[in-house]
Amino acid sequence: MTSSGFRRTCTAVTATAIAIGGLAACGSGGDGGSGGKTKISINCMPPKSAKLDRKFFQEDVRTFEKGNPDIDVDPHDAFPCQDPKTFDAKLAGGQMEDVFYTYFTDAKHVVDINQAADLTPYVKDLKGYKDIKQELKDIYTVDGKVYGIPRTNYSMGLIYNKALFKEAGLDPDKPPATWDEVRTAAKKIAALGKGTVGYADYSAQNQGGWHFTAEVYSQGGDVVSKDGKKATVNTPEGKAVLQTLKDMRWKDRSMGSKQLLILNDVQQMMGSGKLGMYLAAPDNIPILVQEKGGDYKDLALAPMPGGEGTLLGGDGYMFNKKASPEQIKAGLKLLDEMFLTPGKGFNFDYARDKKNDAPVGLPEPRLWTGTSDAEDQKVKEKYANVPVENYKAFLDGNENLDQKIEPPKAQQIYSVLDGAVSAVLTKQDADIDKLLKEASGKIDGILARG
């Protein structure tokens, strides 16, 4: 799963209704030269319905072209930025842009099918690359060679309602740090009555499997072995996840009676002030305010309970294997200016964001370490228009967690795990050992098919 394909969160319209169609020929290949210029195509320009994002993207392209008159940028819009149903077909058919968007989980696959340009000789000239977190650079590094550039990152945390915490007699400045503490807090919040739910979780449309994975990571476990060949869900960590959900649902009655929830359902609950906690990335917070009726002052973020790990996601850009050296250099220069410079460009021009009432001060994306991170945090704090103190626990704790990306064959695995999660939330007599044994066998089959 992923957060938004754009830097800011998408509107409800873009998230549910847009399907920018067509497989128009995109990759230019060759030297990309036209009239003495180097021409490059790049995708993931926000669609027309995402007006502010599109405006900023186009402004940045124009600024780049003005400063680099020898480069002609051809941006292509789409949402989602990478459609799994057409992604491989575009690659195989030579229709992919010169610079193309990928989820973190795509990187190795694109390299394995020999569709990515080797960027290793060129990244030394990429100013914003040096300070990018090593774990993010590693995602796009295969056998010691660099094949992509991270653009944004997110990690899962615990969003909670400070107003409900206070009303339930909980300290809103001390969020739960363990799953036992989550359970205790959820019971107290649910006891407020009037339809209030202490804790909610997804359990349909692969989203239940996605959260199961994050919850297993939080306890130090995994869903797939390190070599990617065997399931590792039928473990103490996997059992603990399902047992906690089952106990909260049926013993504590803190998860409400309505189940088989998906993202939008839970966001509606939180935005309406009827939900105490749920797992999400920071980019959920503006959606809760702008679309679901929430208030920034009431919405806080803590690191994943459990203290061991969290699910890491994000995206970046790779280059068409047919791109010329000139196109690669031009494309990297564009990425540097638009996405990899603290305080500037589409991702980090906080002054522009604040002027246009876009949220500034959310704890992610947080791409860098060292001086680049310090500079980014300083500029972000200067222009912040959301209550950054509400995210301090997340900022302080998240960096200490083991951050893991999604497993291989993620969507197929999530579909299997959906069944286990939904079962414990809808059947009081659900057999956890049986559910995990069956899920493990199915995941082994998925992994065996390669």
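Since the model is a prediction, treat every value here as computed from it, not as a measurement.

> Mind showing me how you'd approach the nonpolar core here?
Taken as a class, soluble globular proteins show a tendency for nonpolar side chains to be buried jointly. In terms of nonpolar packing, the biggest core is built from 75 residues, with Tyr199, Phe212, Met277 and Tyr278 touching the most fellow members. It is helix H17 (residues 410-426) that contributes the most residues to this core, 10 residues altogether. The next biggest cluster of nonpolar side chains, apart from the first, holds 56 residues, and it includes Phe57, Cys81, Val99 and Tyr122.

> Which parts of the structure should I look at to understand the side chain of Asp98?
Its place among the elements puts Asp98 in the loop between helix H3 (87-92) and strand S4 (99-103). One buried charged residue, Asp98, remains without a salt bridge, the closest side chain of opposite sign being Lys39 at 8.1 Å. In this structure the side chain of Asp98 is engaged in a polar contact, spanning 2.8 Å, whose partner is the backbone nitrogen of Ser41.

> Which parts of the structure should I look at to understand the packing of helix H9 (residues 236-251) against H17?
Viewed as axis vectors pointing N to C, H9 and H17 meet at an angle of 30 degrees, and their least axial separation amounts to 8 Å. When the interaxial angle is binned, H9 and H17 end up roughly parallel. Of the two elements, H9 crosses H17, and the hand of that crossing is right-handed. Judged by residue contacts, Leu242, Leu245, Lys246, Arg249 and Trp250 of H9 engage Ala420, Val421, Val424, Leu425 and Thr426 from H17.

> How do you make sense of the environment of Met304 when you look at a structure like this?
Position of Met304 among the secondary structure elements: in the loop between strand S11 (299-303) and strand S12 (309-319). With relative accessibility at 2%, the residue Met304 sits in the buried group. Taking the C-alpha atoms as reference, Met304 lies 8.3 Å from Phe394; in sequence the two are 90 residues apart. The contacts of Met304, once residues within four sequence positions are left out, are Met156, Gly157, Ala214, Glu215, Ser218, Leu279, Gly309, Thr310 and Leu401.

> What is the right way to look at unusual backbone geometry in this model?
Phi is mostly negative for residues that are not glycine, and the peptide bonds are mostly trans. Here Glu364 and Pro365 are connected by a cis peptide whose omega angle stands at 10 degrees. By the secondary structure assignment, Pro365 is in the loop between helix H14 (350-355) and helix H15 (370-383). With phi around 75 degrees, Cys44 is a residue other than glycine that occupies positive phi space. Its location among the elements puts Cys44 in strand S2 (residues 37-45). For Leu260, which is not glycine, the phi torsion reads 55 degrees and is therefore positive. Along the chain, Leu260 falls in the loop between H9 and helix H10 (263-271).

> What am I meant to see in the sheet that holds strand S10 (residues 275-280) here?
Two pairing modes exist for strands in a sheet, parallel and antiparallel, and in both the strands are linked by backbone hydrogen bonds. The four strands lie next to each other as S9-S10-S8-S11, forming an open sheet whose pairing is mixed. Sheet topology places strand S9 (197-199) and S11 at the edges, where each strand pairs with a single neighbour. Strand-to-strand twist in this sheet, taken as the mean axis angle between neighbours without regard to direction, amounts to 25 degrees. Relative to S11, strand S8 (residues 157-161) is paired through five bridges, and the arrangement is antiparallel. Looking across to S11, one finds that Ile159 is bridged to Leu301. On top of the sheet, helix H7 (residues 179-190) reaches S8, S9 and S10; it is set at about 175 degrees to S9, its chief contact.

> Which parts of the structure should I look at to understand the packing of H9 against helix H18 (residues 432-448)?
Between two packed helices, both the angle of their axes relative to each other and the distance between the axes serve to describe the pair. For the pair H9 and H18, interaxial distance at closest approach is 10 Å and the crossing angle is 135 degrees. One finds that H9 runs oblique with respect to H18. Between H9 and H18 lies a crossing whose hand is right-handed. Residues Gly238, Lys239, Leu242, Gln243 and Lys246 of H9 pack against Ile432, Asp433 and Leu436 of H18. Grouping the amino acids of the contact of H9 with H18 by side-chain chemistry returns three nonpolar, two polar and three charged.

> Even after reading the chapter, I still don't get the pattern of salt bridges, so can you show me in this structure?
Once the charged atoms of two side chains with opposite charge are near each other, the side chains can pair. Enumeration according to the criterion identifies 19 salt bridges in this entry. The salt bridge partner of Lys230 is Asp444, with a shortest N-O separation of 3.2 Å. Of this pair, Lys230 sits in the loop between helix H8 (207-218) and H9 while Asp444 sits in helix H18; the two residues are 214 residues apart in sequence, bridging distant segments of the chain. When its relative accessible area of 46% is taken as the criterion, Lys230 is described as partly exposed. With a closest N to O distance of 3.4 Å, Asp433 and Lys239 form a salt bridge. Taken together, the positions of Asp433 in helix H18 and Lys239 in helix H9 put the pair 194 residues apart, joining distant regions of the chain. It is possible to trace a salt-bridge network through shared partners that takes in Glu59, Asp60, Asp349 and Arg352.

Criteria and cut-off values
Residues numbered from 1 in each chain as written. Predicted model: local features only at pLDDT ≥ 70, side-chain atom pairs only at ≥ 80, totals over all residues. Heavy atoms only, no water. Core = buried A, V, L, I, M, F, W, Y, C linked by side-chain atoms within 4.5 Å. Buried < 20%, exposed > 50% of the residue type's maximum accessible area, 1.4 Å probe, protein only. Helix = DSSP H or I, 4+ residues; strand = E, 2+ residues; numbered from the N terminus. Lys, Arg positive; Asp, Glu negative; His and termini not counted. Salt bridge = Lys/Arg side-chain N within 4 Å of Asp/Glu carboxyl O. Polar contact = N/O pair within 3.5 Å; in protein donor to acceptor, adjacent residues only side chain to side chain. Axes fitted to C-alpha atoms, helices over the stretch in contact; angles between N-to-C directions. Parallel < 35°, antiparallel > 145°, perpendicular 65-115°, else oblique. Left-handed = near helix turned anticlockwise from the far one by under 90°. Contact = heavy atoms within 4.5 Å. Pairing = 2+ DSSP bridges. Nonpolar A, V, L, I, M, F, W, Y, C, P; charged D, E, K, R; others polar.

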